[in-house]
Amino acid sequence: MSSGAVRTGRGGAEPGSRLEFAVLGPVRGWYGGQPLELGPVLRTTMLVALLLRPDVTVSRAELVDRVWGEHPPESDGVPGYIYQLRKSLAAAGADAKSVLRTDPGGYRFAGAGVGVDAVRVDEIAAQAKKAAAAGSLAAAADGYGQALAFYEGVPLAGLPGPFAERERRRFVERRVGLVEGRTDALIRLGDYASAIGEVSALLAEHPDREPLTGLLMRALYGAGRQSDALDTWREFRVRMRDELGLEPSEDLRRVHEAVLRGDDGALGVAARPATAPRIRDELPHDVGELSGRDDELARLVAPGSAVSAVDGVPGSGKTALAVRAAQVLREEHPDGCLFVALHGHSTSRAPLTPVRVVRRLLRSAGVNEQNIPDDLDELSANWRAATAPLRLVLVLDDAISAEQVRPLLPGGTGNRVLITSRRRLLGLDVERRISLGPLTSDAAAGLLGRIVGPARASQERAAVHELASLCGRLPLALRIAGARLQNRPMWTFRDLADRLADDTDRLGELTAEERSVEAAFRLSYDQLPPKTQRAFRTLGRAPAPEFDELVLAAMLGCPRREAESVLEDLVDANLVQAPAAGRYRMHDLVAVYARRLAADEPDVASGLGVYLHACRAASEWGEPGFPSGPAPTDPPFAGLVDASAWLDQAGDLVEVVSSAVAAGHPDYACWIAEGAVDYLVRRIRYRECVALLEVALSEVDNVADQRMRTALRFGLGWAYLGLGDPVQARQWCEEGLRISRENGDRRETARGLCGLGMVTMFAGPLDEAEQVLTDARRLAEEVADSWLVERAVSGLGYVHFKHGEYERSLVRFAESREVAVATGNPAMLGRASSHIGSVRLHMGRPDAAEPLREAVELAERLDDRLLLVSSLSRLGSAEQEWGSLDLALSYHLRALSALTDQMSPWAEIEVRNRLGACHQARGEDEAAREQFARAAVLTEAN
């Protein structure tokens with residue numbers, strides 16, 4: 001294995017053209033600094049089974065044992081997993097076959113030049129151990145700390161199987177040893193606070209480990225807490241006797257005796273500091289109940305963080321969390337707990353200046369008022385000096401900026417600082433940042449129930465959850481709602497939920513005396529610069545709950561870079577959330593507030609225009625295929641692939657269409673719904689397609705564009721055909737045809753005939769389908785619609801194929817391909833190539849593979865999943881026909897892995913039957929029987 005560093009820090013790969021793997025947490029990999037897609041859990045488990053035994057050939061049977069143990073599956077699929085792992089490595093640019101090798105006896109992971117964090121940890125730990133033996137305690141503590149930084153949670157997190165479990169125990173044991181080494185060094189250096197924090201956290205996980213108990217006793221003794229060290233001994237001894245019937249070991253008894261004697265030398269402690277006077281406890285007691293924040297609290301009180309910052313949307317419970325964390329930390333910080341309200345966001349007071357705060361802090365630390373200077377730099381230096389030997393907790397609540405906080409940070413290594421702010425204080429160096437969002441649904445309902453009373457809550461469980469949702473699951477809103485119900489015993493949860501259901505009244509209802517959700521939002525909004533305020537108001541008219549900089553740029557009429565910058569400013573102000581890179585959304589109640597502010601803004605339809613142009617660009621028709629509606633003056637998308645990728649991240653398009661209707665733009669609702677059909681059908685999102693078309697169709701009578709009356713009905717025909725409901729599909733196509741003929745719209749009539757022909761082609765009778773498609777082709781040629789011509793010709797090719805007229809079928813598909821080439825339409829070309837290859841395969845022709853290979857390449861480029869599955873499976877059969885069984889198997893396995901739940905079961909039936917035939921040809925009868933049996937079950941069910 002390589003001895004180079006695997007990562008430069010907690011969670012990044014070191015740059016360079018090499019493979020790197022992290023196993024001391026969730027398993028991850030990189031090549032050249034770019035993340036690897038390792039795939040499902042069993043595939044990752046198989047990788048680890050080879051990776052952690054490098055340069056050793058592992059048989060297939062041993063791999064199965066390592067991954068599945070005593071309960072292996074009937075068909076383990078090891079070759080398929082190896083193939084997918086190699087594919088992942090190759091996709092990143094690695095030489096996959098030289099890394100993951102196939103030997104005569106099995107498989108082998110070549111370790112040369114590959115970095116693994118666990119190996120690097122062993123190397124660093126060995127260096128730290130040498131430093132400790134040589135008396136270089138600071139270097140030893142630092143080395144052990146570097147090694148521990150590689151651990152990012154449970155090693156091999158989530159991986160099943162006996163091998164992963166054994167390795168997980170080994171890595172956990174190694175981590176315990178690293179903490180023991182570091183703690184010993186810290187004790188000998190005299191850094192007792194850090195030692196206590198680290199060993200206490202680990203003892204909670206391993207309460208019966210004697211070496212950790214001994215280290216804690218030594219650290220407590222060194223910190224001047226001899227009685228606490230003796231209490232630790234007594235508690236451990238009682239637990240050992242009661243639970244195991246054992247006495248502590250001789251080593252631990254010696255530590256106990258040394259503590260009793262006060263023998264510094266035997267305990268290996270440095271000189272102990274003189275006891276400092278305790279500062280007073282200023283923590284408030286009325287910050288409200290902390291609910292649903294257990295994970296965040298655990299992170300705040302965990303060792304290893306001198307300065308922590310908590311930010312979040314207004315009303316999310318930042319102060320309650322920080323105060324509760326300070327209460328937990330109080331026992332480990334005997335010199336006091338200070339709390340300062342900085343009034344960063346207050347209606348009645350200006351934010352406190354750093355000079356004023358430091359003077360107050362120095363007085364709290366017992367510094368004589370006459371000795372306190374006026375200069376901020378001197379004040380800050382005196383504060384750091386006064387706190388250097390102390391161990392205290394300082395809560396700085398409601399900070400407005402990093403500049404306000406930076407002079408207030410204490411000195412020394414034993415102090416903990418907890419900062420809360422509505423803004424993310426990016427200019428402040430902190431070890432741990434926590435951003436608070438809404439509570440979980442159960443936690444929010446539980447908080448409401450405890451405020452109002454379990455008896456009342458138990459009678460209206462559904463209404464409690466609904467009310468919690470209407471409160472945005474924000475603690476402030478929940479407490480206000482709970483207080484209102486407390487003071488109105490005649491009200492039910494349903495009564496208040498009904499009052500909050502209307503956006504126009506919701507924020508007004510969430511007010512109780514001086515507490516108001518709207519006021520909390522207004523304070524944050526008022527502190528934004530005017531440009532950012534305008535963007536916030538504009539987002540109140542965003543077409544969907546989730547958006548990106550492109551949508552905001554269109555609505556503001558500004559460059560994308562400027563829109564992205566203002567969105568990031570709103571994220572830092574916690575008025576907008578960033579659930580993923582480049583994607584943004586508002587908390588529900590913040591969105592209500594933004595919509596209220598947007599009520600006086602001019603209508604902005606340009607945001608809807610982005611979705612319209614995305615849907616049209618993602619369609620095979622392209623923008624020219626839509627004869628009505630606005631044309632883009634500056635097209636934001638490069639083509640079908642670019643627009644499809646954008647729509648993949650855009651979420652549920654039904655929300656966009658519904659938003660257009662609610663905003664008074666039924667025309668945009670219809671145009672977007674029509675444009676989305678081809679994209680949604682290609683993505684196999686048939687039900688979403690039906691839903692958005694139905695929403696748009698309900699508004700079609702309010703739209704001036706009469707073409708929408710037919711276009712939406714034809715779209716429903718395509719969607720229902722994809723759902724396997726030819727009856728509904730025929731009804732929609734026939735109704736649309738009737739309207740288009742009444743309107744004299746020849747192009748829409750051609751489109752309707754094409755759709756009806758496709759429905760009849762699949763449902764029968766074939767003679768009728770041939771006649772309808774012939775009429776569709778003639779009319780499509782007359783109106784010069786290449787896309788409709790190709791669809792009709794392609795349908796005729798399929799009809800000839802079903803009649804057994806294979807040569808005529810190939811002629812039609814060749815015509816279809818010519819249209820695709822002439823128009824430069826890659827989606828059309830991929831479909832035509834797949835049809836040609838499929839017919840040739842059925843005829844047993846040796847030239848079937850070439851067009852199928854072209855179809856696979858185009859399907860992957862366009863991310864057309866259904867075309868990819870069918871073409872891969874048939875390409876596998878074509879290679880099988882000519883004896884390339886290994887290549888054939890790889891294509892079949894790729895097709896199987898590309899199947900999705902949304903696809904028709906007949907696609908899976910075809911793939912499994914072809915895969916079974918391949919196994920049979922390879923002499924793998926058991927694997928063949930398994931695939932045929934699964935296909936038979938699916939066939940019977942459908």
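Data block above holds the structure.
Given the structure is predicted, the values throughout are model-derived calculations rather than measurements. Every chain's residues receive numbers from 1 upward, in the order its sequence appears when written. Local features in this predicted model are restricted to residues of pLDDT 70 or higher, and side-chain atom pairs are both shown and tallied only at a pLDDT of 80 or more, whereas totals for entire chains, interfaces and linings draw on every residue. To obtain the side-chain values, all non-hydrogen atoms of the structure were included, while hydrogens and water were left out.

Peer 1: So what exactly am I meant to see when it comes to the packing of helix 18 (residues 441-452) against helix 20 (residues 461-470) here?
Peer 2: How two helices pack is summed up by the angle between their axes together with the distance between the axes. Orientation is described by axes fitted as lines to C-alpha atoms, over the contacting stretch for helices, and by angles from 0 to 180 degrees between their N-to-C directions. The helix count covers DSSP runs of H or I at least four residues long, the strand count covers runs of E at least two residues long, and both are numbered beginning at the N terminus. Relative to each other, helix 18 and helix 20 sit at 105 degrees, their axes nearing to 9 Å. It follows that helix 18 is roughly perpendicular to helix 20 by the angle criterion. Residue-level contacts link S441, D442, A444, A445 and L448 of helix 18 to V464, H465, L467 and A468 of helix 20. All amino acids are sorted into three groups, where Ala, Val, Leu, Ile, Met, Phe, Trp, Tyr, Cys and Pro are nonpolar, Asp, Glu, Lys and Arg are charged, and the leftover types, Gly among them, are polar. Looking at the contact of helix 18 with helix 20 residue by residue, the class counts come to six nonpolar, two polar and one charged. If an angle is under 35 degrees, it is roughly parallel; if it is over 145, roughly antiparallel; if it lies from 65 to 115, roughly perpendicular; otherwise it is oblique. Pairs of residues are marked as contacts when any of their non-hydrogen atoms sit within 4.5 Å.

Peer 1: How should I be thinking about the sheet that holds strand 15 (residues 577-580) in this particular structure?
Peer 2: In sheet architecture, strand pairing relies on hydrogen bonds along the backbone and comes in two forms, parallel and antiparallel. In this description, strands pair whenever DSSP reports at least two bridges between them. With antiparallel pairing, the three strands of this open sheet are ordered in space as 14-16-15. Only two strands of the sheet have a single partner each, and these edge strands are strand 14 (546-547) and strand 15. Looking at chain direction, strand 14 and strand 16 (residues 583-585) are connected through two bridges and run antiparallel. Across the sheet, the residue bridging to E546 is R585, located in strand 16.

Peer 1: Any chance you could explain the packing of aromatic side chains here in plain terms?
Peer 2: Within a pair of aromatic rings, the relevant descriptors are the distance that separates the centres and the angle that separates the planes. Aromatic pairing here means that ring centres of Phe, Tyr or Trp (its six-membered ring) are within 6.5 Å. Orientation follows from the plane angle: under 30 degrees is stacked, over 60 is edge-to-face, and everything else is tilted. Scanning the entire structure with this criterion turns up 15 aromatic pairs. Note on Y525 and F536: the rings are 5.6 Å apart at their centroids and 45 degrees apart in plane angle, and the pair reads as tilted. In this pair, Y525 sits in helix 24 (residues 517-526) while F536 sits in helix 25 (residues 530-539), placing the two residues eleven residues apart along the sequence. Pair check on accessibility: Y525 and F536 agree, each one buried. Judged by centre distance (5.6 Å) and plane angle (45 degrees), the rings of F762 and Y798 are tilted. Residue F762 is found in helix 36 (residues 746-763), and its partner Y798 is found in helix 38 (residues 786-802); the two are separated by 36 residues along the sequence. Only protein chains enter the accessibility calculation, which uses a 1.4 Å probe. A residue is then buried if its area is under 20% of the maximum for its type, exposed if over 50%, and partly exposed in between.

Peer 1: Just checking my understanding: could you explain the pairing of strand 11 (residues 432-436) for this structure?
Peer 2: Remember that side chains alternate between the two faces of the sheet whenever the strand is regular. Of the two faces of strand 11, only the one carrying R432, I434 and L436 is buried; R433 and S435 on the other face are not. With five bridges connecting them, strand 7 (residues 307-312) and strand 11 associate as parallel partners. The residue bridging S308 from the neighbouring strand is R432, located in strand 11.

Peer 1: Please clarify how the packing of helix 7 (residues 162-189) against helix 8 (residues 192-205) should be interpreted in this entry.
Peer 2: Packing of helix 7 against helix 8 leaves a shortest axis separation of 9 Å and a crossing angle of 155 degrees. By the angle class used here, helix 7 and helix 8 are roughly antiparallel. The two elements helix 7 and helix 8 meet at a crossing, and its hand is left-handed. Contacts between helix 7 and helix 8 involve R175, V176, V179, R182, T183, L186 and I187 from the first element and Y192, S194, A195, E198, V199, L202 and E205 from the second. Of the residues that constitute the contact of helix 7 with helix 8, the class distribution is eight nonpolar, two polar and four charged. Crossings are classed by handedness, with left-handed meaning an anticlockwise turn of the near helix from the far one by less than a right angle and right-handed meaning a clockwise turn.

Peer 1: Please clarify how the pairing of strand 2 (residues 28-31) should be interpreted in this entry.
Peer 2: Pairing analysis gives four bridges linking strand 1 (residues 19-22) to strand 2, with the strands arranged antiparallel. Counterpart to L19 in the pairing with strand 2 is Y31. Once strand 1 ends, the chain turns through five residues before running back antiparallel as strand 2, passing G25 with a positive phi of about 160 degrees. For strand 2 and strand 3 (residues 34-35), the ladder comprises two bridges, and the chain directions are antiparallel. Across the sheet, the residue bridging to Y31 is Q34, located in strand 3. Hairpin connection from strand 2 to strand 3: two residues lie between these consecutive antiparallel strands, with G32 at a positive phi of about 60 degrees.

Peer 1: Explain the sheet that holds strand 8 (residues 337-341) here, please?
Peer 2: Judged by pairing direction, the sheet is parallel, and its five strands sit side by side in the order 8-9-10-7-11 without closing on themselves. Strands at the two margins of the open sheet, each flanked by one partner only, are strand 8 and strand 11. Averaged over all pairs of adjacent strands, the angle between strand axes in this sheet comes to 15 degrees, irrespective of strand direction. On the sheet, helix 14 (residues 318-329) packs against strand 7, strand 8, strand 9 (393-399), strand 10 (416-421) and strand 11 and is oriented at approximately 170 degrees with respect to strand 10.

Peer 1: Sorry, what's going on with the side chain of R168 here?
Peer 2: Position of R168 relative to the elements: it lies in helix 7. Within 3.5 Å is the distance limit for a polar contact, defined as a pair of N or O atoms, with the added protein rule that one can donate a hydrogen and the other accept it, and that residues adjacent in sequence qualify only through two side-chain atoms. Polar side-chain contacts of R168 include one of 3.1 Å to the backbone oxygen of P155. For R168, the residues in contact, after removing those within four places along its chain, are V154, P155, L156, G158 and L159.

Peer 1: Explanation requested: the pattern of salt bridges in the structure shown.
Peer 2: When charged atoms on two side chains of opposite charge get close, those side chains can pair. Here, a salt bridge means any side-chain nitrogen of Lys or Arg that lies within 4 Å of a carboxyl oxygen of Asp or Glu. In the structure shown here, the tally under the stated rule is 68 salt bridges. R522 is the partner of E518 in a salt bridge, and the nearest nitrogen-oxygen pair spans 3.8 Å. Of this pair, E518 and R522 both sit in helix 24, separated by four residues, roughly a single helical turn. On the accessibility criterion, E518 (16% relative accessible area) is buried. In this structure, E734 engages R730 in a salt bridge whose closest nitrogen and oxygen atoms are separated by 3.2 Å. Of this pair, E734 and R730 both sit in helix 35 (residues 726-743), four residues apart, which is roughly one turn of that helix. Connected through shared salt-bridge partners, E674, R707, R747, E748, R751 and D785 make up one network.

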